[in-house]
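Here is what each chain is made of, one letter per residue.
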Amino acid sequence: MTASEVAAAVTNRTMTALDATEAALARIAKAEPVLNAFTDIVAERARGRARALDAAIARGEKVGPLAGVPFAVKNLFDVEGLTTRAGSKINRDHPPARRDAVLIERLEAAGAVLIGALNMGEYAYDFTGENFHDGPSRNPQDPTRMTGGSSGGSGAAVGGGEVPLALGSDTNGSIRVPASFCGIFGLKPTYGRLPRSRSFPFVASFDHLGPFARSTADLALAYDAMQGPDAGDAACTTRPPEPVHAALGQGLDGLRIARAGGYFAANLFPEAREAVDRVAKALDISKTVELPEAARARAAAFVITTVEGASLHLDRLRTRPNDFDPAVRDRLIAGAMIPAPLVDRAQKFRRWYRARVLELFRDVDVIIAPATPCVAPQLGRQTFMLDGVELPVRANIGIHTQPISFIGLPVVAVPIPLEPMPIGVQIIAAPWREDIALRVAQALETAGVARAPRPQIF
């Protein structure tokens, strides 16, 4: 069941919130030996929350648009009583969180039920979903393949039907990549739209939080529940909430939609090209636009990411270098040695690039682009061939996502159900226009072009 279906059934009293919770826990128990999506289960908390919801419904009280919906969160979100791992070994020595992250509080205020915390790449510096300490999360469509990262557990849990809704983070593509590989919908909102309060950071100037789901409507319900200013995050907008769920059915009338060419038409496996072609055909797209200097944007994103990440972890690198995933540690050390003038140039270029890209939205409302260059690779794969060049998998899965999060644009990743594996397409809009991106996603879903494959039975 989707989150919308669960909420409707619980509200209408054809299912109890406790039933929904127990069903999720049973599914998790069955699937986890295969998927390895969860690192922590809060079963008694979930049951208590569900019972309280059922009692409120029995009293005739309104319990919110996500009534009884089980959800889980990437383990960089603070969960009261759990240590916030952020995918690392080092953080496990920290005391348990004393309060939930703001987005957890908001989802529960809307009636949702937290089930647990999810596997992720160490300190969110990962595109594969292969955690060095907890083992890899595994793709629900083919457990021999990657989920993508760094929100790999979130992708596996929703794609595998363990929960209908999950939260992740996206710095350079960590919502859109797992959504693409696992065949589900993901939303990276505009930078600053959703507060990051009480979540473990990676790159403060790039970090976004957002939902995964099996339908566009579920993304919209969760997004609406989580909006609003919060003083705990200095980057969070003071704009009032702008609900999107009610507008999903407005269709595409009046929307100007283009396809990203140039950089985004290169470095693609055939399946990624086919997915974009299907979306372009369904939307009757005739216009192509080119994001200027997208390759340089990706390079600048690399520089800023590794430098800010190194700054965050400098003390841990000095005192506990052997407790890192070696691949993460070495990238962070490299970031600590990048000369300041290069960082300054990257930041100046970032401002120029943002201004040039925003000019494109004078003539178009939405741009479509590939989410990943390929379907999910096999676990452990180190390299792949892109346009005749052998490249590292881990560093290049996000080749088409990094130039977008670099300037904080809102994106919906929609799953295109190819055989044998699904793959995602990015629906990109101007800042604060999540409503438009979600309308396009809804239209593709209604037409059957975008669809989450049925979860496998493990």
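Residues numbered from 1 in each chain as written. Predicted model: local features only at pLDDT ≥ 70, side-chain atom pairs only at ≥ 80, totals over all residues. Heavy atoms only, no water.

Caption draft 1: Inspection of the overall build of the chain at higher detail. A tally of helices and strands in the chain yields 14 helices and 15 strands. Taking 458 residues into account, the globule formula puts the C-alpha radius of gyration at 23 Å, and the chain, at 20 Å, falls close to it. Reported as C-alpha extents along the three principal axes, the dimensions of the chain are approximately 60 × 60 × 45 Å. Taken across its 458 residues, the chain has 62% of its residues classed as buried. Contacts spanning at least 24 positions in sequence make up 79% of the contacts within the chain whose residues lie at least 6 apart. Carbon and sulfur atoms form 53% of the exposed surface of the chain, whose accessible area is close to 16700 Å². (Helix = DSSP H or I, 4+ residues; strand = E, 2+ residues; numbered from the N terminus. Rg over C-alpha atoms; globule rule 2.2 N^0.38 Å. Buried < 20%, exposed > 50% of the residue type's maximum accessible area, 1.4 Å probe, protein only. Contact = heavy atoms within 4.5 Å. Areas by Shrake-Rupley, 256 points an atom, 1.4 Å probe, with all protein chains shown as cover.)

Caption draft 2: Broad picture of the packing of helix α7 (residues 216–226) against helix α14 (residues 434–446). With their axes 9 Å apart at the nearest point, α7 and α14 run at an angle of 155° to one another. By the criterion of interaxial angle, the relationship of α7 to α14 is roughly antiparallel. From α7, T216, A217, L219, A220 and Y223 reach across to α14, where they touch E434, L438, A441, Q442 and E445. Grouping the constituent residues of the contact of α7 with α14 by class yields six nonpolar, two polar and two charged. (Axes fitted to C-alpha atoms, helices over the stretch in contact; angles between N-to-C directions. Parallel < 35°, antiparallel > 145°, perpendicular 65-115°, else oblique. Nonpolar A, V, L, I, M, F, W, Y, C, P; charged D, E, K, R; others polar.)

Caption draft 3: How the structure looks around the packing of helix α9 (residues 294–319) against helix α10 (residues 326–336). One way to put it is that α9 packs onto α10 with a least axis distance of 8 Å and a crossing angle of 110°. With respect to their mutual orientation, α9 and α10 come out roughly perpendicular. Of the residues in α10, those in contact with T306, V307, G309, A310, H313, L314 and L317 of α9 are R329, R331, L332, I333, A334, G335 and A336.

Caption draft 4: Just helix α8 (residues 270–282), in detail. If you check α8, its first and last C-alpha atoms are 18 Å apart, about what 13 residues at 1.5 Å a residue would give, namely 18 Å. Looking at α8, one finds that the buried residues are A272, A275, V276, V279 and A280. Take α8 and look down its axis: the buried residues cluster within an arc of 135°, on one side only. Away from its buried face by more than 90 degrees, α8 exposes P270 and K281. (Expected span 1.5 Å × (residues − 1). Arc of directions from axis to C-beta.)

Caption draft 5: Spotlight on the pattern of salt bridges. Under the criterion given, the structure shown has 29 salt bridges. Between R45 and E108 there is a salt bridge whose closest N-O contact spans 3.2 Å. On the criterion of sequence distance, the pair formed by R45 in helix α3 (residues 43–58) and E108 in helix α4 (residues 102–109) is long-range, its members being 63 residues apart. Classification of E108 as buried rests on a relative accessible area of 15%. R433 is paired through a salt bridge with D435; the nearest N and O atoms lie 2.7 Å apart. (Salt bridge = Lys/Arg side-chain N within 4 Å of Asp/Glu carboxyl O.)

Caption draft 6: Quick peek at the sheet that holds strand β14 (residues 411–416). Pairing is mixed across the open sheet formed by 11 strands, whose spatial order is β1-β3-β2-β6-β8-β7-β14-β15-β11-β9-β10. With one partner strand each, in any of the chains shown, β1 (38–41) and β10 (287–289) form the two edges of the open sheet. Ignoring strand direction, the axes of neighbouring strands in this sheet form an average angle of 30°. Sheet topology places strand β9 (residues 257–260) next to strand β11 (residues 366–370); three bridges connect them, and they run parallel. Opposite I257, over in β11, you have V366 as the bridge partner. Here helix α2 (residues 17–35) sits on the sheet in contact with β1, β2 (70–74) and β3 (113–118), set at roughly 20° to β3. Contacts from α4 reach β2, β3, β6 (165–170) and β8 (208–213) within the one sheet, and its direction differs from that of β2 by about 175°. (Pairing = 2+ DSSP bridges.)

Caption draft 7: How the structure looks around the side chain of D126. Structurally, D126 is set in the loop between β3 and β4 (130–131). A distance of 2.8 Å separates the side chain of D126 from the backbone nitrogen of G129, its partner in a polar contact. Within polar-contact distance, the side chain of D126 engages the side chain of R394 at 3.4 Å. (Polar contact = N/O pair within 3.5 Å; in protein donor to acceptor, adjacent residues only side chain to side chain.)

Caption draft 8: Geometry of the environment of V42. Relative to the assigned elements, V42 resides in the loop between β1 and α3. A residue is classified by how much of its surface remains accessible, and V42, at 11% relative accessible area, is buried. With 73 residues separating them along the chain, V42 and I115 place their C-alpha atoms 5.5 Å apart.

Caption draft 9: Representation of the side chain of D325 within the structure. Assignment of secondary structure puts D325 in the loop between α9 and α10. Overall, D325 belongs to the buried group, its relative accessible area being 6%. The contact partners of D325, leaving out residues within four places of it in the chain, are E122, F132, H133 and R394.

Caption draft 10: Geometry of the packing of aromatic side chains. Evaluated as defined, the whole model comprises 10 aromatic pairs. Of the aromatic side chains, those joined through ring pairs into one cluster are F206, F349, W352, Y353 and F406. Cation over ring: R331 sits above Y125, and NZ or CZ is 4.3 Å from the ring centre. In this structure, R350 is placed above the aromatic ring of F406, and the distance from its NZ or CZ to the ring centre is 5.6 Å. (Phe/Tyr/Trp six-rings, centres within 6.5 Å; stacked < 30°, edge-to-face > 60°. Lys NZ or Arg CZ within 6 Å of the ring centre and 35° of its normal.)

Caption draft 11: Molecular detail of the confidence of the model for the chain. Per-residue confidence for the chain gives a mean pLDDT of 97; residues scoring 70 or more make up 100%. Of all the helices and strands in the chain, strand β12 (residues 383–386) carries the lowest mean pLDDT, 94, while β2 carries the highest, 99. (pLDDT = per-residue confidence, 0-100.)

Caption draft 12: Representation of the pairing of β14 within the structure. Counting buried residues in β14 gives six out of six residues, a clear majority hidden from the surface. Residues V411, A413 and P415 point to one face of β14 and V412, V414 and I416 to the other, with burial holding for every one of them. Judged from the three bridges that link them, strand β7 (residues 185–188) and β14 form a sheet pairing that is antiparallel. Considered in β14, the bridge of G186 is made with A413. Pairing of β14 with strand β15 (residues 423–429) involves six bridges; the strand directions are antiparallel. Counterpart to V412 in the pairing with β15 is I427. Where β14 hands over to β15, the hairpin turn is made up of six residues, counted between the paired strands.

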